[in-house]
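Residue-level structure breakdown
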Amino acid sequence: MIGNREVSEKQRLELWKEYERRKEELPQSVTNFVDELAETNHLDNVGFRRRNLPALLAKYFLDMSDSMKNSLKMMKPGSFGFYVVGNNSTNVEGIKKIIPTDMFLWEIGQKVGWKQVSVINMELLKSRDIFKKNRGTAESILVFKAPLSTEFERTAIYSLGDVSKFRDSGEEWNFNDEATQTHLHSIHPYPAKFIPQIPRKAILQWTSKGDVVLDPFCGSGTTLLESILLERKAIGVDNNSVACLVSEAKIAEYTNSDIDILKKFLVEVELLKKKEQGKTEVIIPQYKNLEYWFSKEAIMDLGRINWLINKLEGNSKALVQAIFSSIIVRVSYQDSDTRYSRKEYEYVEGNAFGYFIQKLKRVVKSVEEVMNLPKEEAKVLHIDGKNLESIEEESVNMIVTSPPYLNAYDYHKYHRHRIHWIDGDVELARDKEIGKHDTFTRPNADPDLYFKDMSKCFDEWYRVLKPGSRALIVIGDAIVNKKPVPVAEQFIKIMNEKGFNLENRWIRKIKTSRKSFNQSARMNEEHVLLFIKP
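Just so you know, these numbers come straight off a predicted model, no measurement behind them.

The number of helices and strands found in the protein chain is 20 helices and 15 strands. In terms of overall dimensions, the protein chain is globule-like: its C-alpha atoms have a radius of gyration of 24 Å, near the 24 Å expected for 534 residues. The principal-axis extents of the C-alpha atoms in the protein chain amount to approximately 75 × 60 × 50 Å. Residues classed as buried in the protein chain amount to 55% of the 534 residues present. Accessible surface for the protein chain amounts to roughly 24,600 Å². Of this, 49% is attributable to carbon and sulfur atoms.

In structure tokens:
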């Protein structure tokens, strides 16, 4: 049954375990809501009905995701689907909290492949059932459309020749049923995030303890964290200030003193939320269209949190700043982490504090879980990946990375507000980004520009790698000007020209419900390329 209200304690635990395993199939707005509810409802002094609610909600949204996905498979191209949905509510610490089921299912539908058409609001007839106190006063009709057939027919791989053997052998790189948000990997949302199982497998197979692993496009620091937990030294490179901040927060060496600082900071934030902090100030970045993208209330809330953060120092500050960065898009009018359009809604004063506090509590627990594990050292370089002069020649034992996909994303654009709020370098992120969507969607865009940039990167990789060392690349093919671009084949050609030998290659399947960008592109496969420097 979908939407059941009662479960046993054993069932609750099983449902929650299943949710933890599959949570990346759901939009982040849904998992944030469920996780925040669990923070309160999973406390020891909470009654069984409220304790069950997070698991029941998780089951409901996963069930609806499966249902909407399977319904879509039956639809003729371009046909319509209508879902009539009402919202409910619950009480959290005595305060009524709306469960925006309509908007969550609206996002879930899009994530599984439906095209969003419109949301039609309608008045709800007065309820006569026993649960009427929790029901809303309106329902919504969610109108979806099945994609056109050409969208389903589009392939993700454009390599020449028969690639079936690479698909067969690539199953060992799929990891589609494994949890990807362990340790500190869930600290910050990041589009097209590298799943930790890939670097973990590569590092264990082709390096030894004490070796140096480089990720020249480190993004949210997945390779770096996996490296140091496997007792390999790590170097991360990225031109994006958000990526560097998040990576630094993940690799920092935390102590019991840091935990104490973070817990005291939590108390200060809660006092600030209640306006019991005494005299407070704000730190607000000044940039064009700030008030277009944020309500005045959100700006003030973020400014007050930012002021408090800037009183911290060291590792604690970097961690808290990364958490602060993670909530910025959520309290803005930016539609999502992968859609740079304005979507106005009514911001409730204090929400930024609530999101920040809940996230910080979860992250502190994650830090406590890993801080006493044996780890190696790591560093992050905020530089252009085409010039690695600060890394010594032949000093790296392995490169494990996923370069920016051609024409897939604009990291600088979707992180722009975050970069401003953390006082980062917008120009470096914008001007040095490789493969950005804005560039390659222009009329007559030439993919050769992307390969010229990557060629400069490959030169640097060859210089810093030790002889006999390997580079593992995860990359997808692309479409530019409606023409397929076999990116992996071109990478192999360029790397061979630089002196690398292709040692092996695979094609791995991506669980499309897990991908965090461009669902409609049907990018359900990507290449794993292994090169060796003779």
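Among the nonpolar cores identified, the biggest contains 122 residues, and Phe 294, Phe 356, Tyr 450, Trp 461, Leu 472 and Phe 491 are the most heavily contacted of them. If near-sequence neighbours (up to four positions away) are discounted, Leu 472 is found in contact with Trp 173, Ile 198, Ala 202, Trp 206, Met 398, Ile 399, Val 400, Thr 401, Trp 506, Val 528, Leu 529 and Leu 530. Judged by nonpolar contacts, the second largest core, of 30 residues, contains Val 30, Tyr 83, Leu 105 and Trp 106.

Here we come to the packing of aromatic side chains. All chains considered together, the criterion is met by 26 aromatic pairs. Measuring from ring centre to ring centre gives 6.1 Å for Tyr 340 and Tyr 414, while their planes differ by 75°; the resulting arrangement is edge-to-face. Remark: Tyr 414 occurs in helix α15 (residues 411-414) and Tyr 340 occurs in strand β8 (residues 339-342); sequence separation between them is 74 residues. Of the residues examined, Tyr 414 reaches a relative accessible area of 11% and is grouped as buried. In this structure an aromatic cluster arises from ring pairing among Tyr 450, Phe 451, Phe 458, Trp 461 and Phe 491. Sitting over the ring of Trp 173, Lys 201 keeps its end group 5.1 Å from the ring centre.

Within the structure shown, the criterion is met by four cavities of 30 Å³ or more. In this structure, the largest cavity encloses a volume near 40 Å³. Taken together, Leu 184, Leu 225, Ile 228, Lys 250, Ile 251, Ala 252, Tyr 254, Val 370, Met 371 and Lys 375 make up the full set of residues lining the largest cavity.

What follows covers the sheet that holds strand β6 (residues 233-238). If you trace the seven strands from one edge of the open sheet to the other, you get β9-β6-β5-β10-β11-β15-β14, paired in mixed fashion. Two strands close off the open sheet at either side, each with one partner strand: β9 (378-382) and β14 (501-509). Mean inter-strand twist for the sheet, computed between neighbouring axes without regard to direction, equals 15°. With five bridges joining them, β6 and β9 adopt parallel strand pairing. Counted as the bridge partner of Ala 234 is Ala 378 from β9. On the sheet, helix α20 (residues 487-498) packs against β11 (465-475), β14 and β15 (525-532) and is oriented at approximately 10° with respect to β15.

Their axes nearest at 9 Å, the elements helix α13 (residues 314-328) and helix α14 (residues 351-370) cross at an angle of 135°. Taken as axis vectors, α13 and α14 run oblique relative to one another. The way α13 lies across α14 gives a crossing that is right-handed. Of the residues in α14, those in contact with Leu 319, Val 320, Ile 323, Phe 324, Ser 326 and Ile 327 of α13 are Ala 352, Tyr 355, Phe 356, Lys 359, Leu 360, Val 363 and Val 367. Classifying every residue of the contact of α13 with α14 by side-chain character gives 11 nonpolar, one polar and one charged.

Okay, the side chain of Asp 258 next. With respect to the helices, strands and loops of the structure, Asp 258 is situated in helix α10 (residues 256-273). Lys 375 provides the closest opposite charge to the buried, salt-bridge-free Asp 258, at an N-O distance of 10 Å. Those residues in contact with Asp 258 that sit more than four places away from it in its chain are Glu 253, Asn 315 and Ser 316.

This next bit is on the pattern of salt bridges. Inspection of every chain in the model, using the stated rule, returns 33 salt bridges. In this structure, Glu 39 and Lys 365 form a salt bridge, with 3.9 Å as the shortest nitrogen-oxygen distance. One end of the pair, Glu 39, is in helix α2 (residues 28-41); the other, Lys 365, is in helix α14, with 326 residues separating them in the sequence. Linked through salt bridges whose partners overlap, the residues forming this network are Glu 18, Arg 21, Arg 22, Glu 25 and Asp 66.

Moving on, we get to the pairing of β11. With eight of 11 residues buried, β11 is to be regarded as a mostly interior element. For strand β10 (residues 396-401) and β11, the ladder comprises five bridges, and the chain directions are parallel. Paired with Val 400 across the two strands is Leu 472, which belongs to β11. Sheet analysis places β11 next to β15, joined by six bridges and oriented antiparallel. The partner of Arg 470 across the bridge, within β15, is Ile 532.

Per-residue pLDDT for the protein chain averages 88, and the proportion of residues at 70 or more is 92%. The model gives residues 150-154 a pLDDT under 50, and that stretch makes nine contacts with residues more than four places away or in other chains. A low-confidence stretch, residues 513-521 (pLDDT under 50), is modelled with 32 contacts involving residues beyond four sequence positions or located in other chains.

As for its position among the elements, Ile 492 is in helix α20. Along the primary structure Ile 492 and Val 117 are separated by 375 residues, whereas in three dimensions their C-alpha atoms are 41 Å apart. With sequence-adjacent residues up to four places away left out, Ile 492 is seen in contact with Leu 502, Arg 505, Leu 529 and Phe 531.

Its 17 residues give helix α19 (residues 448-464) an end-to-end C-alpha distance of 25 Å, which sits within 8% of 24 Å, the value for a rise of 1.5 Å per residue. Here the buried face of α19 lies against β5 (212-215), β10, α18 (437-440), β11, β13 (483-485) and α20.

Attention now moves to the packing of helix α3 (residues 48-74) against helix α4 (residues 101-112). In helix packing, the relevant descriptors are the interaxial angle and the interaxial distance, both defined with respect to the helix axes. Contact pair α3 / α4: the axes reach a minimum separation of 9 Å and the direction vectors enclose 45°. Looking at the two axes, α3 sits oblique to α4. As for the relative orientation of α3 and α4, their crossing is right-handed in sense. Here Tyr 60, Phe 61, Met 64, Ser 65, Met 68, Lys 69 and Leu 72 of α3 come into contact with α4, specifically with Thr 101, Phe 104, Leu 105, Ile 108, Gly 109 and Val 112. Considered class by class, the residues forming the contact of α3 with α4 number nine nonpolar, three polar and one charged.

Each value, and the rule that gives it
- Residues numbered from 1 in each chain as written.
- Predicted model: local features only at pLDDT ≥ 70, side-chain atom pairs only at ≥ 80, totals over all residues.
- Heavy atoms only, no water.
- Helix = DSSP H or I, 4+ residues; strand = E, 2+ residues; numbered from the N terminus.
- Rg over C-alpha atoms; globule rule 2.2 N^0.38 Å.
- Buried < 20%, exposed > 50% of the residue type's maximum accessible area, 1.4 Å probe, protein only.
- Areas by Shrake-Rupley, 256 points an atom, 1.4 Å probe, with all protein chains shown as cover.
- Core = buried A, V, L, I, M, F, W, Y, C linked by side-chain atoms within 4.5 Å.
- Contact = heavy atoms within 4.5 Å.
- Phe/Tyr/Trp six-rings, centres within 6.5 Å; stacked < 30°, edge-to-face > 60°.
- Lys NZ or Arg CZ within 6 Å of the ring centre and 35° of its normal.
- 1 Å grid on protein atoms, 1.4 Å probe; cavity = no way out; pocket = protein on both sides within 12 Å on 5 of 7 lines; lining within 4 Å.
- Points joined across faces, edges and corners; volume = space filled by probe spheres on them.
- Pairing = 2+ DSSP bridges.
- Axes fitted to C-alpha atoms, helices over the stretch in contact; angles between N-to-C directions.
- Parallel < 35°, antiparallel > 145°, perpendicular 65-115°, else oblique.
- Left-handed = near helix turned anticlockwise from the far one by under 90°.
- Nonpolar A, V, L, I, M, F, W, Y, C, P; charged D, E, K, R; others polar.
- Lys, Arg positive; Asp, Glu negative; His and termini not counted.
- Salt bridge = Lys/Arg side-chain N within 4 Å of Asp/Glu carboxyl O.
- pLDDT = per-residue confidence, 0-100.
- Expected span 1.5 Å × (residues − 1).

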